[in-house]
Amino acid sequence: NSGTPGGDTATAAKEAPKAEPAKVYTLKVAETWPANFPIFGDAVNNMAAMAEKMSNGRLKFVIDTSNKHKSPFGVFDMVKSGQYDMGHSASYYWKGKVPNTLYFTTMPFGMIASEQYAWFYYGGGMELMQKVYEPLGLLSFPGGNTGNQMGGWFRKEIKSLDDLQGLKMRIPGFAGEVMSKLGVSVTNIPAGELYTALERGTIDALEWVGPSLDLRMGFHKIAPYYYTGWHEPATELQFLVNKKKWDSLPEDLREILRVAMRTAAYDMYSQSQYESAKNWSTIQVEYPDIKVKTFPKEVLEALYKANQELLEAKAKEDPLAAEILDSQKKFLWKARRWTEISDQAYLNSMPRG
Amino acid sequence: MIGIIMFAVALLMLLCGFPVAFVFGGVALIFGVFSQGFDLFAFMPFRIYSIMTNTILMAIPLFIFMGLVLQKTKMAEQLLESMGRLFGGVRGGLAISTILVGALLAASTGVVGASVVAMGLISLPVMLKFGYSKELATGTICAAGTLGQIIPPSIILIILGDVLGLPVGDLFKAAVWPGLILVGLYIAYILLISFLKPDLAPAIPADASESRSQTLMKAVKAILPPLALILVVLGSIFTGVATPTESSALGGVGALILAVAYRQFSWKMVQESARETVKITAMVFAILLGATAFSMAFTYTGGDALVEHWMLQLPGEKWGFLILSMIMILILGFFIDFVEIAFIIVPILAPIAEKLGIDMLWFAILIAMNLQTSFLTPPFGFSLFYLKGVAPPQVRTLDIYRGVMPFIALQVLVLAAILVIPGLFGLTSGQ
Amino acid sequence: MRILVVLDKLFERASALCGVLASAAFVLMLLNVFYDVIARYVFNSVSIGMQELEWHLFSAVFLLGIPYALRVDGHVRVDIFYDRWTDRGKAWINIFGALVFLLPFSALIYWYGTGFVHEAWVLNESSGDPGGLPYRFIVKALIPTSAVFTAISGLGMITQALRVLLLGEKYAHVNHQEGLA
Ligand code: NA
Ligand code: NA
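Predicted, not measured: the structure shown is a model, and the values here were computed from it.

Details of the overall build of chain A
The helix and strand inventory of chain A stands at 13 helices and 11 strands. Expected size for 353 residues packed as a compact globule is a radius of gyration near 20 Å; at 21 Å, chain A falls within 12% of this value. Structurally, chain A occupies a C-alpha span of about 70 × 45 × 40 Å along its principal axes. By residue count, 57% of the 353 residues in chain A fall in the buried class. Long-range contacts, defined as pairs at least 24 residues apart, comprise 77% of the intrachain contacts of chain A with a sequence gap of at least 6. On chain A, roughly 15100 Å² of surface is accessible, and the fraction owed to carbon and sulfur atoms is 54%. A gap of 2 Å separates the mean positions of the 41 positive and 41 negative side-chain charges of chain A.

Describing a nonpolar patch on the surface
A cluster of nonpolar residues, Trp319(B), Ile323(B), Leu324(B), Ile327(B), Ile331(B) and Phe335(B), forms a patch on the protein surface that exposes about 530 Å² of accessible area. Summarising the element assignment, Ile323(B) is placed in helix H15 (residues 318-335).

Some points on the interface of chain A and chain C
Taken together, the contacts link 20 residues of chain A with 17 residues of chain C. Connecting chain A to chain C are two salt bridges. Linking chain A with chain C are seven residue pairs in polar contact (both at pLDDT 80 or more). Counting residues per element, the ones that place at least two in the side of chain A that touches chain C are helix H4 (75-80), helix H7 (173-181) and strand S7 (185-186) of chain A. With four residues, the single largest contributor to the side of chain A that touches chain C is H7(A).

Digging into the interface of chain B and chain C
Taken together, the contacts link 65 residues of chain B with 59 residues of chain C. Carbon and sulfur atoms supply 80% of the area buried between chain B and chain C, which totals about 5700 Å² over both sides. On the chain B side of the interface with chain C, the three residues burying the most area are Phe18(B), Phe22(B) and Met52(B), jointly 13% of the side's total. Linking Asp83(C) and Arg396(B) is a salt bridge whose minimum nitrogen-to-oxygen distance equals 3.3 Å. Taken together, the connections running from chain B to chain C amount to 12 residue pairs in polar contact (both at pLDDT 80 or more). If you list the elements that add at least two residues to the side of chain B that touches chain C, you get helix H1 (2-16), helix H2 (20-36), helix H3 (44-52), helix H4 (59-72), helix H12 (244-261), helix H13 (267-300), helix H18 (382-390) and helix H19 (397-420) of chain B.

Let's talk about the nonpolar core
Residues Leu59(A), Phe61(A), Met86(A), Leu257(A), Phe363(B) and Phe385(B) are the most contacted members of the largest nonpolar core, which totals 328 residues. Contacts of Leu257(A), omitting those with residues within four sequence positions, involve Leu27(A), Met47(A), Leu59(A), Phe61(A), Met86(A), Trp246(A) and Leu249(A). Counting residues in hydrophobic clusters, the runner-up holds 10 residues, among them Phe40(A), Leu213(A), Leu237(A) and Met268(A).

Here's the deal with the pairing of strand S10 (residues 236-242) of chain A
Residue and element names in this part refer to chain A. Across the seven residues of S10, seven count as buried, placing the element largely inside the fold. Because side chains alternate across S10, one face comprises the buried residues Glu236, Gln238, Leu240 and Asn242, and the other comprises Leu237, Phe239 and Val241, equally buried. Here strand S3 (residues 86-89) runs beside S10; their pairing, made up of four bridges, is antiparallel. Note that in S10 the partner of histidine 88 across the bridge is phenylalanine 239.

So, unusual backbone geometry
One can expect most non-glycine residues to show negative phi and most peptide bonds to be in trans. With omega at -5 degrees, the peptide bond leading from Pro152(B) into Pro153(B) counts as cis. Relative to the helices and strands, Pro153(B) is located in the loop between helix H8 (134-146) and helix H9 (155-164). Here Pro378(B) and Pro379(B) are connected by a cis peptide whose omega angle stands at 5 degrees. Inspection of the secondary structure assignment puts Pro379(B) in the loop between helix H17 (360-374) and H18. In this model, Ile39(A) sits at a positive phi of 60 degrees, which is unusual for a non-glycine residue. Counting through the fold element by element, Ile39(A) comes out in the loop between strand S1 (25-31) and helix H2 (40-54). A positive phi is found at Lys74(B), a non-glycine position, where the angle reads about 65 degrees. Its location among the elements puts Lys74(B) in the loop between H4 and helix H5 (75-86).

Things to note about the pattern of salt bridges
Note that side chains of opposite charge can pair when their charged atoms are close. Residue and element names in this part refer to chain B. Here the structure, examined in full by the defined rule, presents 41 salt bridges over all chains. Between lysine 72 and glutamate 272 there is a salt bridge; the shortest N-O distance is 4.0 Å. With lysine 72 in helix H4 and glutamate 272 in helix H13, this pair connects stretches of sequence that are 200 residues apart. Owing to a relative accessible area of 27%, glutamate 272 belongs among the partly exposed residues under this scheme.

Here we look at the packing of aromatic side chains
Residues and elements named next belong to chain B. Per the stated rule, a full pass over the model turns up 47 aromatic pairs over all chains. Each ring, one from tyrosine 186 and one from phenylalanine 407, has its centre 5.4 Å from the other, and the planes form 75 degrees; the classification is edge-to-face. Pair noted here: tyrosine 186 is in helix H10 (residues 168-196) and phenylalanine 407 is in helix H19, with a separation of 221 residues, a long-range link. By relative accessible area, which is 0% here, tyrosine 186 ends up buried. Phenylalanine 407 gets classed as buried once you look at its relative accessible area, which sits at 0%.

Section: the confidence of the model for chain A
Summary statistics for chain A give a mean pLDDT of 91 and a share of 94% for residues scoring 70 or more. Across residues 1-13 of chain A the pLDDT falls below 50, and counting only partners more than four positions away or on other chains, this stretch makes 19 contacts in the model.

Let's talk about H7(A)
Residue and element names in this part refer to chain A. Among the nine residues in H7, seven count as buried, and that is most of the element. Those residues of H7 that fall on the buried side of the exposure criterion are Gly173, Phe174, Ala175, Gly176, Glu177, Val178 and Met179. For H7, the secondary structure elements touched by its buried residues are strand S6 (168-170), S7 and helix H12 (297-317). Backbone geometry just downstream of H7 places glycine 183 in the positive-phi region, at approximately 95 degrees.

Digging into the environment of Ala175(B)
Residues and elements named next belong to chain B. Tracing the sequence through the fold places alanine 175 in helix H10. It is 16 Å that separates the C-alpha atoms of alanine 175 and leucine 413, two residues lying 238 residues apart in sequence. Alanine 175 has contacts with Ile150, Pro152, Leu157 and Ile365, leaving out every residue within four places of it along the chain.

Rules of the game
- Residues numbered from 1 in each chain as written.
- Chains lettered and ligands numbered in written order.
- Predicted model: local features only at pLDDT ≥ 70, side-chain atom pairs only at ≥ 80, totals over all residues.
- Heavy atoms only, no water.
- Helix = DSSP H or I, 4+ residues; strand = E, 2+ residues; numbered from the N terminus.
- Rg over C-alpha atoms; globule rule 2.2 N^0.38 Å.
- Buried < 20%, exposed > 50% of the residue type's maximum accessible area, 1.4 Å probe, protein only.
- Contact = heavy atoms within 4.5 Å.
- Areas by Shrake-Rupley, 256 points an atom, 1.4 Å probe, with all protein chains shown as cover.
- Lys, Arg positive; Asp, Glu negative; His and termini not counted.
- Charge placed at Lys NZ, Arg CZ, Asp CG, Glu CD.
- Patch = residues over 30% accessible without salt bridge, like charges linked within 9 Å, V, L, I, M, F, W, Y side chains within 5 Å.
- Salt bridge = Lys/Arg side-chain N within 4 Å of Asp/Glu carboxyl O.
- Polar contact = N/O pair within 3.5 Å; in protein donor to acceptor, adjacent residues only side chain to side chain.
- Buried area = accessible area lost by both parts, 1.4 Å probe.
- Core = buried A, V, L, I, M, F, W, Y, C linked by side-chain atoms within 4.5 Å.
- Pairing = 2+ DSSP bridges.
- Phe/Tyr/Trp six-rings, centres within 6.5 Å; stacked < 30°, edge-to-face > 60°.
- pLDDT = per-residue confidence, 0-100.

Here you go:
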């Protein structure tokens, strides 16, 4: 259920006069990110601070980073089993465990952030997400958006489909599947060796996040072509909640938590926008040699087609997948028509100053 | 508080002589379960799985195998012996050769366990055979095997780059000089100590029956094949054929090919090498598993909060801050993992350093230099355990503890030098 | 007393089996990594499945290696005092350590490890990457398997110690090279 901010204030007011000391609920949160990770980690901290304050201290949070639990991709299992009450991660990481979790982060050629938030909260997205997660004893909520992610760093320019043949690229997950359909050799390289691998030409390209995080990896110095995005137009992180724990919370605290998660998520989108804009302006000044490129039309069309084929296959395999994809497709079609004559028209028509 | 008692108990139990890995695991279990209940151990499969999927660690068995093949086919022995002979009357030639080979390997891996064990297999038996003191031999190997941390590519530099927001390439470049100077100092120390105390590192006697040019020819023949192997390993990284981890597999296969070329190959040799590889790899990873259980119990019983609390007490004045933070890191490095220090301690220090106008690249190199020392410091330095694990029985734990002391002193010296005269290392201190 | 020796031999067999399997896994891993490098560089072909197989084999190397190394006394000890104990003293240390540290540790890893595998089994977890390997539960099952065999080697540590204590055998003999060890 999407839940509207505000909630059932009547019950909360009725309970207030009782002078018993309020019961404190402590939620243990595991995040996929390491300690002091910017933006992503901030979203969790913001959510916790808000919920603690709003609940007058009745909700408390213990937040463990991956440096403590040592298992960035074990968050799903650990929240499911109740070792942690909540997690902060990204739904598409669980694609190997539960295929239908893939659709709640972002999709290649899918919705942009404003459209996707509309889908989640008003277009039936939340209900479908819970339909995937509830049978697992979990609940999932949007956990913050990175905005449009960049298509990656390339050592050479991609001028045609032929340039993709045998191109060695580190691009994980579903986007990697799409790329491999076009003849790209999708590779796994551990994060610790990515820089060396790209520098020495062991791989030709890689995708990371965007200006907000890429700069600190230093890829711009060794792979000058920075391609605009196609595969992650609106990466939405997730708050995972153990359903038993959620059910054990009093109604008002659940509402507080829901509002805090929703606020923190949208706030992270704002912060990402801010950080990316800031970093990108620095990059342009400090590293004028970076060449921003967009894939040629031929390549994008082939990617689009490959993506469609893969999604069609997935829809055929599983009725729930078909239902989700259908909902996304229909909503995207509607929302995009509006985006085109509103934001897109505005951006296209605005004189550059 | 529990954290500190845990360390004390672990130390006591280690002294009893039960295998290190299971002392760590067992002490973690006792304290963890008493303080947090059995369910704390529900985290263990996740932690083990993280080690399983950490493919950079594959370099450990692959390097060990390469070292074993080189050892069993006597190629390593001939290499070091010939290099040592080339030094002629100069003492310490074997140890210097070990440092040089270690520096070469360091350029291909940053995994300390891999290089310490490989060097231990390759050069410890040779040094002992020629009458080197156990202390000098083991100290040299630990120091040489730890160079991988500072000589790029290096994992610690990559993590520091990530945490401090510095481009990895800049860090790699900045680390080259300090690394080379450290190598130079190790060599100078070995020359000096073997000159002052000749019986620590005897010169390899020249073969009276052969002329100088015959010695040279023999040396070239012995040095070339293994050197070619090392160059293949390094070359495959530099040309992008392989990642650093993968290059160690090229080294393993290459060693087998050399063995065939030198008619030393047999299936029995392969089988034995594989089995010993398994045994040594298991020794290293059991320690990693025990240590991850230990650090789990340490952090979940509040140890991480305690450490953070200490770090926040540091003074807010440039030199006081720098010196004390370096001492703190050095001490913490005795007990906790460098990855922890990089992710948890460094972000506490970084904003303070930034406010004080400290150059971050310089700060990063100081920390990296400091952290590599943590692998060598008794009683918990991992390099020491790893080397003990592959050393012949006559080499005692205490020999290794004593042996690394001068090398630790040299590292602290370099650290101090970078602190005081950064210009010498091509660094600037900031404002 | 005979039963003690028979039991001890049985435990030894189990750890020897681990050693054989781990060695085989190592050789396969070496070839696997080598093949992947050559395939990528020479033929420009990359298989994520083959790349994943690398760490599956690597996991088998060290997880099955641990019980094997235990039997052949390959796990490093701090020998500052240990070398000076008599064989009887060593035997008592080993019995104590096996009972207090090793067996409970293995038991907990086994217990929580099976839960971990069960999750992967129920969800039929597979790789999330294109061309990755299915059936993650298999490689995850190495964790409790390793715990079982480590416990067996721990029991072997006790039977060895009892042979020293009750039958007056020597560790040097019980531990000889790769044999009884
Ligand atoms: Na990305
Ligand atoms: Na290195």
